Amino acid sequence: MADQNDKKVVKVYATEEDVAVSLAKYVADLSAKFAKERGSFTVVLSGGYLIDTIRKLTLPPYVDSVEWSKWHVFWVDERVVPKNHVDSNYKLAFDGFLSKVPIPSGQVSAINDALSAEGAAEDYQTGLKHLVDTGVLAKSSVTGFPKFDLMLLGMGPDGHVASLFPGHPLLEEKEKWVTHIMDSPKPPPQRITFTFPVINSSAYIAMVVCGPGEVDAVYKALGKTENPVLLPVQRVTPEEELKWFLDEVAASKLQE
Ligand SMILES: O=C(O)[C@H](O)[C@@H](O)[C@H](O)[C@H](O)COP(=O)(O)O
């Protein structure tokens, strides 16, 4: 098996606008590749600024050229709140992205917001199993976990990804595909999240970080000094490629 570092690409763009332009092309190219190879494209979104950074996909040429009918959309994590709540990652993605592109609504897998955190995580996992059984969602021949085509992830200032926070026992989950957290240090406290075995079984991951908030975390994750304890983001190792999209501000400590 290739060294994980062979799969890591770090790209630094002058501005956030340049990141957005380049990210749209990356996503559109992968959409075309998987639509052709598999007949579907399974895309996982996170919350946070990521949704704003994929805005170019909602504009020409992509809004007209991407095969949106092949897309199946999921969330790497979701807050356990109603879908119309200001904290909902579904609402964030709907308002900023999904309402502007013609993805069939039946192919958008939101959490069931009528359930408890535990129930919603189980229900989401059951939905994923069904999609693996019907072949919409691939399965990793390496791990046996579902293999999403592309995850679009953001990172928090503490190096968290999804709702997997530094020092939290959920970092060690090895069996479940989707789990729940009742004590998220970032509000709101109740969330559901994909686990590392699922994140790391995906084919491609774009890690998108712009602006000043995560400068130290980017440096810890990608700088020359080794940390005694890995940040959650440093545990991210997809099967094909991990591509970091940084602007010069986020990468400023790396370039010192
Ligand atoms: O629900 C969440 O909290 C997000 O899905 C989370 O994974 C997010 O992507 C990072 O925390 C970065 O968030 P910011 O963009 O808000 O810094």
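Everything in this summary refers to the structure shown in the same document. (Residues numbered from 1 in each chain as written. Predicted model: local features only at pLDDT ≥ 70, side-chain atom pairs only at ≥ 80, totals over all residues. Heavy atoms only, no water.)

A few words now on the overall build of the chain. Per the secondary structure count, the chain includes 7 helices and 11 strands. Relative to the globule expectation of 18 Å for 256 residues, the C-alpha radius of gyration of the chain, 17 Å, shows essentially globular dimensions. By its C-alpha atoms, the chain is 50 × 45 × 40 Å across when sized along the principal axes. Across the chain, contacts joining residues at least 24 apart in sequence account for 77% of those joining residues at least 6 apart. For the chain, the computed accessible surface area is about 11,400 Å², with 53% contributed by carbon and sulfur atoms. Measuring between centres, the 26 positive side-chain charges of the chain sit 2 Å from its 34 negative side-chain charges. (Helix = DSSP H or I, 4+ residues; strand = E, 2+ residues; numbered from the N terminus. Rg over C-alpha atoms; globule rule 2.2 N^0.38 Å. Contact = heavy atoms within 4.5 Å. Areas by Shrake-Rupley, 256 points an atom, 1.4 Å probe, with all protein chains shown as cover. Lys, Arg positive; Asp, Glu negative; His and termini not counted. Charge placed at Lys NZ, Arg CZ, Asp CG, Glu CD.)

We now examine the site of the ligand. For the ligand, the set of nearby residues contains 15 residues, the closest of which are Gly47, Tyr49, Asp77, Arg79 and His160. In the environment of the ligand, an oxygen atom lies 3.0 Å from a nitrogen or oxygen atom belonging to the side chain of Asn89. For the ligand, an oxygen atom lies 3.2 Å from a polar atom in the side chain of Arg191. Alone, the ligand offers 420 Å² of accessible surface; in the complex the protein occludes 90% of this. Looking at side-chain class alone, the shell around the ligand contains 3 nonpolar, 7 polar and 5 charged residues. (Near = heavy atom within 4 Å. Polar contact = N/O pair within 3.5 Å; in protein donor to acceptor, adjacent residues only side chain to side chain. Nonpolar A, V, L, I, M, F, W, Y, C, P; charged D, E, K, R; others polar.)

Once that is clear, we can look at the sheet that holds strand 9 (residues 191–194). The strand order across the open sheet formed by 3 strands is 4-9-8, and the pairing between neighbours is antiparallel. The open sheet has two free edges, formed respectively by strand 4 (77–79) and strand 8 (178–181), since each of these has just one partner strand. Across the sheet, the mean angle separating the axes of adjacent strands is 20 degrees when strand polarity is ignored. The strands touched by helix 5 (residues 117–133) within the sheet are strand 8 and strand 9, with strand 8 carrying the most contacts at an inclination of about 165 degrees. (Pairing = 2+ DSSP bridges. Axes fitted to C-alpha atoms, helices over the stretch in contact; angles between N-to-C directions.)

Below, the discussion takes up the sheet that holds strand 10 (residues 204–209). Spatial ordering of the open sheet is given by 1-11-10-7-2-3, a layout of 6 strands whose pairing is parallel. Two strands lie at the open edges of the sheet, namely strand 1 (8–13) and strand 3 (71–75), each paired on one side alone. When strand polarity is set aside, the average angle formed by the axes of neighbouring strands in this sheet is 20 degrees. As paired strands, strand 7 (residues 150–153) and strand 10 are joined by 4 bridges and run parallel to one another. Across the sheet, Leu152 pairs through a bridge with Ala206, a residue of strand 10.

The nonpolar side chains of a soluble globular protein tend to be buried, and buried together. Counting residues in each nonpolar core, the largest one holds 84 residues, and the members touching the most others are Trp71, Phe97, Phe194, Ile199 and Met207. Considering each element in turn, this core owes the most residues, 8 residues, to helix 1 (residues 16–38). If near-sequence neighbours (up to four positions away) are discounted, Met207 is found in contact with Leu153, Gly154, Met155, Val161, Val233, Val236, Leu242, Lys243, Trp244 and Phe245. (Core = buried A, V, L, I, M, F, W, Y, C linked by side-chain atoms within 4.5 Å. Buried < 20%, exposed > 50% of the residue type's maximum accessible area, 1.4 Å probe, protein only.)

Any functional reading would require information beyond the geometric quantities listed.
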